[in-house]
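The residues making up each chain are set out below.
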Amino acid sequence: MRMRNKTIRHLSMVLALMLFAGVLAACNNGSGGSAQGSEQGGSSENKGEKVTLQFYMLGDAPKDLPVIESEINKLAEADLNVNVKFNYTSWTDWDQKYKLLLSSGQPIDLIFTADWTFYQSYAKKGAFLPLDELLPKAAPTLKAYVPDDMWNAVKVNEKIYTVPSTWTEYVTEGIAYREDLREKYNLSKPESLETLEAYLEGIKANEPNMIPIADSNANHTHGIRQLTSKLVNTAGQLPYGLDIMYDTPSNITSYWGSAQHLEDLKTYKRWMDKGFFPKNVLNVKDTSNSLLQNGKSAVVLSGENPNKFNADVIKVQSTHPDWKLGYFPYPNAKGFAQPVHPIHNGFAIPRSSKNPEKALAFYEKLVTDKRYNWLTEYGVEGKNFEVQDGYYKMVGDAQTNGFPREGMNGWAWRNPEFMLYDKSFDDVLAIFKELDKMKKPDIFTGFAEDWTPYQAEKAALEQVEKQYLYPLNVGLVEDVEAGLNTFMEKAKQAGLEKIQTEYTKQWQDYLKSAGIQ
Amino acid sequence: MILILSLICIIPFLLILSGSFSSNESIVRDGYHLFPTDFSLEGYKMVFKFPTQVLKAYGVTVFTTVVGTALGLFLITMAGFVLQRKDFKYRNAFSFFIYFTTLFGGGLVPWYIMLANYFNLTDTYTVLIFPGLMTPFLIILMKNFIRSAVPDELIESAKIDGANDFRIYFSVVLKLAMPGIATVGLFLALGYWNDWFTSSLFINNPDMYQLQFYLYNTMNTITFIDQMAIGTGITLSQDVPTESTKMAMAIVVTGPILFLYPFVQRYFVKGLTIGAVKG
């Protein structure tokens, strides 16, 4: 009898554990239910039924996203009888997650696209729905709102797969520097390689505690190349050490291993010897912007597009009002500027979408309806932002405000007619106006590289670059010439020539098909 | 010799510790030192300035670790016990089935599709626990351990005394397999504590991030701003932690799990070797 009692007790323990497992499973069912509901939401023809759209954005969600989501859902339910769930991928492994989202067949209704998220190659592989027939039916206002030449520019294989953003901006880079220090020590404006070096020397001599250059990870090379050559790519980042000049795009040469390359590397070596870089520059993980904002460095050479520069100015104004920042856009050195390509910011409907028409109708609201647009770009008026004399004004500061300007990363549905700028953004718009004067079309972004023929070589080359080129870029190698030779040798072993040949071929084909001389 | 080896193991940790107590300026300017040159608590102040998110992530990780380890131990010991019973007819077939999965995996995409589309586990706590519950390696380890620690005769005699299989499991096997349980438990706990990958794939809600992923993501955002944002024209309005803050975070994160070792360690060596040698 005693025995049996114990058995029962133990059995009940097992049962309890199982129940616990059951509770876990139930939790899961509870939250999974909403997703299922959207699947059962039914066909798009039936406008009466309520569906939940799955909306995917890159990056991290702002703190107040749930508030915005419920506000948007109130509007969307009344207008279109839809609900929207905003999902964010986080910046960790976003590219892998993006791949999984698109290849797993998970129901997604709207997803962010851009040239840097490989819009073209996904479109070619059939990840997105063609919108040509859907647009006039589901979103006539949107179709009319976006100019025709933009619709044409985003076409892949003669079909539209993304809704482009109509706001024209420049993401061309420039040199951001401490203007107040320049005035204080009467230094030259850093507007060419020589004056830049003189400026850096002046900073080093007068501010011994500063490390003049903020760029880590050997990024400054992109900036220097934009300062000294007229490359076809706005950001100066041509892959595999190639040189393509804007005026002669069909003529491709190798920058790596050239006399110019050696000379540049010698410059970096000299800079390191003079103490322009920190000793552990390859391991510094702080962003160049934060180093500039905190007054630890005086110059940022890479990645400073007008937007980012403006963010620096705002930050510096609030923390160190006595400082001044100066800006020299690289287009001024090159003589021309390229505005962003229409595929730079957009939204596509993946093939797995259960409600493409409703998704497009909702996206139309997001772009063309001021209520939706303001809510998703700036938050709740009065709570997150205020409008003062036509300017955007954040309530509180970045720490207390749960939804900063464009906090949802809504770069793609910016609408120039509704856009609110921070007062300080006037400076950016002024820069844009200047750049407009030397505008030339972007001929690079339309090109989609297909690296499948040399995938293995590409991976190997990346390793070689990190191991042998990065130390050269920051002058950590004693003998520059020998170092460059070693790098070239290793790069060739990794398959550099094969990559360059194949890339050149693809580029030439693109030039021919796009009709560019 | 051993002294040198253990020094080599301790030095990286010391570097982080001293980094967390250094002022950020000194790290940026002079790099890391074994002892802080410019002592400062700024890093820790930053970590606990806005503690809600860190604490939430902490909570998620503690929850998944405790629940996952408890559940996983239960399932693994059950499986190990059953698989080593000679009177279980299909034990070879099942053993092979489990062993087979260590050799051939379906790959990332099918795994993702299974969990996300068929089980609908996106954004649930289950997804953080479920995939790590049973590991073939741990089952095999446990099976071999139980086989060596519990003689067949003991099970037989328990049977003669009238015990059924569950009673044998609870009263005999579990008690004799303590070292094995400690070993497997430590493996499981470490696995759950260090897990960031499942969060990265399946969790969209920031409140449900595991601690490791929360930190990893913060670091990645910094790298992203630095590298990707160059040609993208996007601005991210986030405050990025500085060097000393990152080191302080690392200490805060690794601290608790470090205390697990001394408690389990005495079982650890025994459990691992017995399981391994008789493999």
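Above this text is the structure in question.
Reading the values: rules and limits
Residues numbered from 1 in each chain as written. Chains lettered and ligands numbered in written order. Predicted model: local features only at pLDDT ≥ 70, side-chain atom pairs only at ≥ 80, totals over all residues. Heavy atoms only, no water. Helix = DSSP H or I, 4+ residues; strand = E, 2+ residues; numbered from the N terminus. Contact = heavy atoms within 4.5 Å. Areas by Shrake-Rupley, 256 points an atom, 1.4 Å probe, with all protein chains shown as cover. Buried < 20%, exposed > 50% of the residue type's maximum accessible area, 1.4 Å probe, protein only. Core = buried A, V, L, I, M, F, W, Y, C linked by side-chain atoms within 4.5 Å. Salt bridge = Lys/Arg side-chain N within 4 Å of Asp/Glu carboxyl O. Bend = angle between axes of the 7 residues up to and from the residue. Phe/Tyr/Trp six-rings, centres within 6.5 Å; stacked < 30°, edge-to-face > 60°. Lys NZ or Arg CZ within 6 Å of the ring centre and 35° of its normal. Polar contact = N/O pair within 3.5 Å; in protein donor to acceptor, adjacent residues only side chain to side chain. Pairing = 2+ DSSP bridges. Axes fitted to C-alpha atoms, helices over the stretch in contact; angles between N-to-C directions. Parallel < 35°, antiparallel > 145°, perpendicular 65-115°, else oblique. Nonpolar A, V, L, I, M, F, W, Y, C, P; charged D, E, K, R; others polar.

**What about the overall build of chain A?**
Along its length, chain A carries 20 helices and twelve strands. In chain A, the proportion of contacts linking residues at least 24 apart, taken out of those at least 6 apart, comes to 75%. Accessible surface computed for chain A: about 21,700 Å², of which carbon and sulfur atoms make up 51%.

**Focus on the overall build of chain B**
Each helix and strand in chain B was counted, giving 15 helices and zero strands. Residues counted as buried form 48% of the 279 residues belonging to chain B. Of the contacts formed within chain B by residues at least 6 apart in sequence, a portion of 74% connects residues at least 24 apart. Carbon and sulfur atoms provide 71% of the accessible area of chain B, an area that totals close to 13,900 Å².

**Remarks on the nonpolar core**
All names here are of chain A. If you look at the biggest cluster of nonpolar residues, it comprises 98 residues, and the most contacted ones within it are Phe55, Phe128, Phe362, Tyr363 and Trp413. Tallying contributions element by element places helix 15 (residues 356-368) first for this core, with seven residues. Contact partners of Tyr363, with chain neighbours within four places excluded, come to Leu110, Leu142, Val163, Phe347, Ala412 and Trp413. Counting 59 residues, the second-largest nonpolar core is a separate cluster that includes Leu238, Tyr246, Phe447 and Val474.

**Observations concerning the pattern of salt bridges**
Enumeration according to the criterion identifies 28 salt bridges over all chains in this entry. Between Asp273(A) and Lys269(A) there is a salt bridge whose closest N-O contact spans 3.0 Å. Of this pair, Asp273(A) and Lys269(A) are both found in helix 11 (residues 259-273), four residues apart, which corresponds to roughly one turn of the helix. Among the residues examined, Lys269(A) registers a relative accessible area of 10% and is labelled buried. With a closest N to O distance of 3.2 Å, Asp165(B) and Arg85(B) form a salt bridge. Placement of the pair is Asp165(B) in helix 10 (residues 165-176) and Arg85(B) in the loop between helix 4 (51-84) and helix 5 (91-103), with a sequence separation of 80 residues. Ionic contacts of the salt-bridge type, sharing partners, join the residues Glu197(A), Glu201(A), Arg270(A) and Lys274(A) into one network.

**So, helix 18 (residues 455-473) of chain A**
Residue and element names in this part refer to chain A. Glu465 marks the point of greatest bend in helix 18, at about 40°. By the burial criterion, the buried members of helix 18 are Glu457, Lys458, Leu461, Val464, Glu465, Leu469, Pro471, Leu472 and Asn473. Two residues or fewer past helix 18, Gly475 is found with a positive phi of approximately 70°.

**Re the packing of aromatic side chains**
When we look at a pair of aromatic rings, we describe it by the centre distance and by the angle of the planes. According to the stated counting rule, one finds 54 aromatic pairs over all chains in the structure shown. Taking 5.3 Å as the distance between ring centres and 15° as the angle between the ring planes, the aromatic pair formed by Tyr112(B) and Phe202(B) counts as stacked. Of the two residues, Tyr112(B) is situated in helix 6 (residues 108-118) and Phe202(B) in helix 12 (residues 197-202); the sequence distance between them amounts to 90 residues. The pair formed by Tyr112(B) and Phe202(B) is uniform in burial state, with each residue classed as buried. One residue, Lys125(A), lies across the ring of Tyr122(A), its end atom 5.6 Å from the ring centre. The cationic tip of Arg225(A) hangs over the ring face of Tyr255(A); the distance from NZ or CZ to the ring centre is 3.9 Å.

**What to know about the environment of Thr486(A)**
Residue and element names in this part refer to chain A. Following the sequence through the fold, Thr486 ends up in helix 19 (residues 480-494). On the basis of relative accessibility, which here comes to 31%, the residue Thr486 falls in the partly exposed class. Considering only alpha carbons, one finds Thr486 and Leu469, 17 residues apart in sequence, at a separation of 9.4 Å. Only 2.7 Å separates the side chain of Thr486 from the backbone oxygen of Ala482, close enough to count as a polar contact.

**Focus on the sheet that holds strand 1 (residues 51-57) of chain A**
Residues and elements named next belong to chain A. Spatially, the five strands line up as an open sheet ordered 2-1-3-10-4, and their pairing is mixed. In the strand order of this sheet, the two ends are held by strand 2 (82-88) and strand 4 (163-164), each with one partner. Bridge analysis of strand 3 (residues 110-113) against strand 10 (residues 346-348) gives three bridges, and the strand direction is antiparallel. Counterpart to Thr113 in the pairing with strand 10 is Gly346. Contacting strand 1, strand 2, strand 3, strand 4 and strand 10, helix 15 runs over the sheet at an angle of about 60° to strand 1.

**Details of the environment of Thr245(B)**
Residues and elements named next belong to chain B. Examined against the element boundaries, Thr245 turns out to sit in helix 14 (residues 243-258). Classification of Thr245 as buried rests on a relative accessible area of 2%. Along the backbone, Thr245 and Ile155 are 90 residues apart, and their C-alpha atoms lie at a distance of 55 Å.

**Notes on the side chain of Thr124(B)**
Residues and elements named next belong to chain B. Residue placement: Thr124 occurs in the loop between helix 6 and helix 7 (125-129). With relative accessibility at 2%, the residue Thr124 sits in the buried group. A distance of 3.3 Å separates the side chain of Thr124 from the backbone nitrogen of Val127, its partner in a polar contact.

**What about the sheet that holds strand 9 (residues 325-329) of chain A?**
Residue and element names in this part refer to chain A. Taken in spatial order, the three strands of this open sheet run 8-5-9, and their pairing is antiparallel. Every interior strand has two partners, whereas the edge strands, strand 8 (299-300) and strand 9, have only one. Bridging between strand 5 (residues 174-178) and strand 9 involves five bridges; their strand directions are antiparallel. Paired with Ile175 across the strands is Phe328, a residue of strand 9.

**Things to note about the packing of helix 8 (residues 136-149) of chain B against helix 11 (residues 178-194) of chain B**
Residues and elements named next belong to chain B. As a packed pair, helix 8 and helix 11 sit with axes 10 Å apart at the nearest point and diverge in direction by 170°. In this view, helix 8 runs roughly antiparallel relative to helix 11, as classed from their interaxial angle. Contact residues: helix 8 offers Phe137, Leu138, Leu141, Met142 and Phe145, while helix 11 offers Pro179, Gly180, Ile181, Thr183, Val184, Phe187 and Leu188. Considering only residue class, the contact of helix 8 with helix 11 consists of ten nonpolar, two polar and no charged.

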